[in-house]
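So you can see what is in the structure, the chains are spelled out below.
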Amino acid sequence: MTDSRPRLGPIAALVLVVSGLLLPITAPPLGLYGLHLLLLAPPMTLLSRLGGRSAWLGGWLYGAAASAGIFWWLVPTIDRFTALGAVGGLAVLALFGLAFGLFGAVFGWGARGVRAASGPLWPVGLAAWALACEFLNPQLFPYSHGATFFQVPDVFLLSALTGVSGVSFLVLLTNGLVAAAWERWRSDGDAALQAGHALRRSLPLVLAAWVLGVGYAHHRHGVVQAAMEDGPSARFALVQTNTDEERLHAMVKEDKASPERDLVALTRQALEMDPTIDIVVWPEGAIRGSLKAKRRRAILDLAAEHDVEIWSGILERRGPKGARTRHNGAYRIQPDRTWSAPYDKNILVPFGEYMPLVRYLPFLSSIRSFRALYAGDAPAVLTGGKAPPAGFLVCYEATRFRYVRRTVRAGAEVLGTVTFDGWFGDTNALDLHMLMAATLSAATGRPHVRAATTGISMATGADGVLIGKAGRVERTWVSMDVPLAAVPAPYVVLGDWVAWLCVACGFGLAARGRREWMRAPAQRDVRQRLRGVALPILFLGAATVAWAIDRGAPAGDLVAWGVALGSIGWLVVGGRDLPSREPQGGP
């Protein structure tokens, strides 16, 4: 019997690439988030109808294009700070897209099976499968479809119950419905009837999900707004010197103390123009050296003279002489010239702040061109007199939701992020990093202040709505009153339960839908089956990398991952009692 499934042609490939490349327009700086409800429908339709190798290759093409479109800032960054140039930057971006676009390949691998197993509810099944692939994708720089709605509180505050995954699920459900409507319009005969049936069966479920999700978000918005209106506030000044990596090196080469003097001068200007400021926030690495050193006296005097707290990032050495270690962290400096215990960054950036595997492969230490930092061993909550206990996040940590949940559970009532984004120039990386930080407030119910060296410094209330922000690559400071109300969020305790359910259901549907493949005589051998499931097994193995970055995974992650692996395992060793059928094409 010949394989009648559609194959990946040039038109389909072009549609997949364009759909992926257009994803960035839904996020800042353009922020056309409404288009996110449509842009995923073409890949859903195409990939769920393709078969064999065409399905996963098409999915990989889409995933690579989406990753390259979102992270195009890698090209100017590499061009500016390495000898590779723009051509080398494009090559790195292509490799990056192929590596982190693997989620698209896995989606394509299972989409047809999920559609078959879901019956007329295939728009819902494909949404669950897409969310499963998004959640397990081991992204170095996490990106979620639902995050683009971060400034629509009557939608995005659903994340306080479900995490961002719940909002992503609404986006994916809508795209599934659009895909069914498109097929109903463009098809005829039995195909049109089937698409119409899927549309009628799925529409009530999708509408119900939106009504429940928006209903909860609207209620949550009212509760948070009332708490912010009735609770205390503090006036924060976010200081942004616009000192990128090149300028910083030039300043340090001329005079090691000049970056701190520059920061103090800009801060003094802010305090003189706005004497009501309570707390000043400085970026990552603003202070370089111990607060006990004499040249730090100007910083302590500044806090005392203006009766302000200073929340600052710091790079320093600590420990006994001969055994000192380098740390990237933060302090709360008080008006009485004292300071809190330090917070040390827990999640270090591999190859930039530490060399992975050097403990097991000592020779790696000889090839690194940087001095390794030592990580903290747990979240820390710092206290002071001007604001409630604050959980500090240094740069990359503000993108890791599991870690932020741990910080809030440790007692943080305010989140403070200090970051150095001077590597990224005037690119969308600044906007994406700011977006991720803002989503934390809505999901955890905590106000959040963020100081970034080159932008974008910003502050949100517990609803995640921006109170104010600084410009991109601009030397400036911004001051604003930030409500300090912390409103408990179920997500902090429950975790990513919607994503866990989608992982379990999605992989279960994918396995169930591929029973026809298992019945084929060519697949009776276990080795042949292993070849057919190599892609999802590779993907599930890579998913554990995210747990290594976050230093452990919640039990729910492990259970959902186990169910997914068990579903794939069933395809390999199960179903031997199924009656044999003629092959219907490769996996």
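The structure presented is a predicted model; accordingly, all values stated were derived computationally and were not measured.

What counts, and where the lines are drawn
Residues numbered from 1 in each chain as written. Predicted model: local features only at pLDDT ≥ 70, side-chain atom pairs only at ≥ 80, totals over all residues. Heavy atoms only, no water. Helix = DSSP H or I, 4+ residues; strand = E, 2+ residues; numbered from the N terminus. Buried < 20%, exposed > 50% of the residue type's maximum accessible area, 1.4 Å probe, protein only. Contact = heavy atoms within 4.5 Å. Expected span 1.5 Å × (residues − 1). Bend = angle between axes of the 7 residues up to and from the residue. Disulfide = S-S within 2.5 Å. Pairing = 2+ DSSP bridges. Right-handed = clockwise from strand over helix to strand, strands pointing away. Patch = residues over 30% accessible without salt bridge, like charges linked within 9 Å, V, L, I, M, F, W, Y side chains within 5 Å. Areas by Shrake-Rupley, 256 points an atom, 1.4 Å probe, with all protein chains shown as cover. Salt bridge = Lys/Arg side-chain N within 4 Å of Asp/Glu carboxyl O. Phe/Tyr/Trp six-rings, centres within 6.5 Å; stacked < 30°, edge-to-face > 60°. Axes fitted to C-alpha atoms, helices over the stretch in contact; angles between N-to-C directions. Parallel < 35°, antiparallel > 145°, perpendicular 65-115°, else oblique. Left-handed = near helix turned anticlockwise from the far one by under 90°. Nonpolar A, V, L, I, M, F, W, Y, C, P; charged D, E, K, R; others polar. Core = buried A, V, L, I, M, F, W, Y, C linked by side-chain atoms within 4.5 Å.

Visitor: How would you sum up the overall build of the protein? Please name residues and give values.
Guide: A count of helical and extended segments in the protein gives 22 helices and 13 strands. A burial count over the protein gives 57% of its 587 residues as buried. By sequence separation, contacts in the protein at least 24 residues apart represent 74% of the contacts at least 6 residues apart.

Visitor: With reference to specific residues and values, describe helix H6 (residues 102–118).
Guide: Taking 1.5 Å per residue as the helical rise, H6 with its 17 residues ought to reach 24 Å, and the 23 Å between its terminal C-alpha atoms agrees with that figure. For H6, the principal kink sits at Gly110 and spans about 40°. Here H6 lies mainly inside the structure; 14 of its 17 residues are buried.

Visitor: Could you give me a rundown of the environment of Leu199, with the residues and numbers involved?
Guide: Note on placement: Leu199 falls in helix H11 (residues 189–230). Here Leu199 is in contact with Leu177, Ala180 and Ala181, once residues within four sequence places are set aside.

Visitor: Go over the state of the cysteines with me, naming the residues and quoting the values.
Guide: Within the structure shown, the criterion is met by zero disulfides. A disulfide-free cysteine, Cys502 has its sulfur positioned 6.7 Å from the sulfur of Cys505, the nearest such atom. Taking the relative accessible area as the measure of exposure, Cys502 reaches 5% and is therefore buried.

Visitor: Tell me about the pairing of strand S10 (residues 448–452), residues and numbers included.
Guide: Across the five residues that make up S10, a large majority, five, are buried. Burial of S10 is two-sided: the residues His448, Arg450 and Ala452 facing one way and the residues Val449 and Ala451 facing the other way are all buried. As judged from the five bridges shared by strand S9 (residues 414–419) and S10, these two strands associate in the parallel manner. For Thr419, the partnering residue across the bridge sits in S10 and is Ala452. Assessed by its sense of winding, the connection that carries the chain from S9 through helix H16 (residues 428–444) to S10 is right-handed. Both S10 and strand S11 (residues 458–460) contribute to a ladder of three bridges, which runs antiparallel. Counterpart to Arg450 in the pairing with S11 is Met458.

Visitor: Describe unusual backbone geometry, listing the residues and the values that go with them.
Guide: Backbone geometry follows two general trends: most residues other than glycine have a negative phi, and most peptide bonds adopt the trans configuration. Across the junction of Pro28 and Pro29, the peptide omega takes the value 15°, indicating a cis bond. Mapped onto the elements of the fold, Pro29 is located in the loop between helix H1 (10–22) and helix H2 (41–47). In this structure, the amide linkage connecting Gly455 to the following residue, Ile456, adopts the cis form with an omega of 10°. Residue position: Ile456 is located in the loop between S10 and S11. Residues other than glycine seldom take positive phi values, yet Asn242 does so here, at roughly 60°. Along the polypeptide, Asn242 turns up in the loop between strand S1 (233–240) and helix H12 (245–254).

Visitor: How would you explain a nonpolar patch on the surface if you had to name every residue and give the values?
Guide: On the surface, Leu30, Leu32, Leu35 and Leu38 cluster together into a nonpolar patch covering about 350 Å² of accessible area. With respect to the helices and strands, the residue Leu32 is situated in the loop between H1 and H2.

Visitor: Account for the packing of aromatic side chains, naming residues and giving values.
Guide: Tallied over the entire structure, the rule returns twelve aromatic pairs. With 4.9 Å between their ring centres and 70° between their planes, Trp73 and Phe424 make a pair best called edge-to-face. Within this pair, whereas Trp73 is found in the loop between helix H3 (52–70) and helix H4 (74–81), its partner Phe424 is found in the loop between S9 and H16, the two being separated by 351 residues in sequence. Relative accessible area serves as the criterion here: at 16%, Phe424 is assigned to the buried category. Cluster of aromatic residues (ring-pair linked, three or more members): Phe71, Trp73, Phe96, Phe100 and Phe424.

Visitor: Quick one: what's the story with H16, residue by residue and with numbers?
Guide: The end-to-end C-alpha distance of H16, which contains 17 residues, comes to 25 Å, matching closely the 24 Å that a straight helix rising 1.5 Å per residue would cover. Within H16, 17 of the 17 residues are buried, which leaves the element mostly enclosed by the surrounding structure. Where H16 terminates, the next one or two residues include Gly445, which has phi positive at roughly 70°.

Visitor: Please provide a residue-by-residue account of the packing of H3 against helix H5 (residues 85–100), values included.
Guide: When two helices pack together, their arrangement is given by the angle between the helix axes and the distance between those axes. Relative to each other, H3 and H5 sit at 125°, their axes nearing to 7 Å. It follows that H3 is oblique to H5 by the angle criterion. Along this stretch, H3 crosses H5, giving a crossing that reads as right-handed. Within the contact between the two elements, H3 uses Trp60, Gly63, Ala64, Ser67 and Ala68 and H5 uses Leu93, Gly97, Leu98 and Phe100. Looking at the contact of H3 with H5, its residues break down into six nonpolar, three polar and no charged.

Visitor: With reference to specific residues and values, describe the nonpolar core.
Guide: Grouped together as the largest cluster of nonpolar side chains are 134 residues, with contacts concentrated most on Phe107, Trp129, Phe236, Val281, Trp311 and Phe507. Dropping the residues within four chain positions of it, Phe107 is found in contact with Pro43, Met44, Leu47, Leu126, Trp129, Ala130 and Cys133. Formed by 23 residues, the second largest nonpolar core is a distinct cluster that contains Ile277, Leu291, Leu300 and Ala303.

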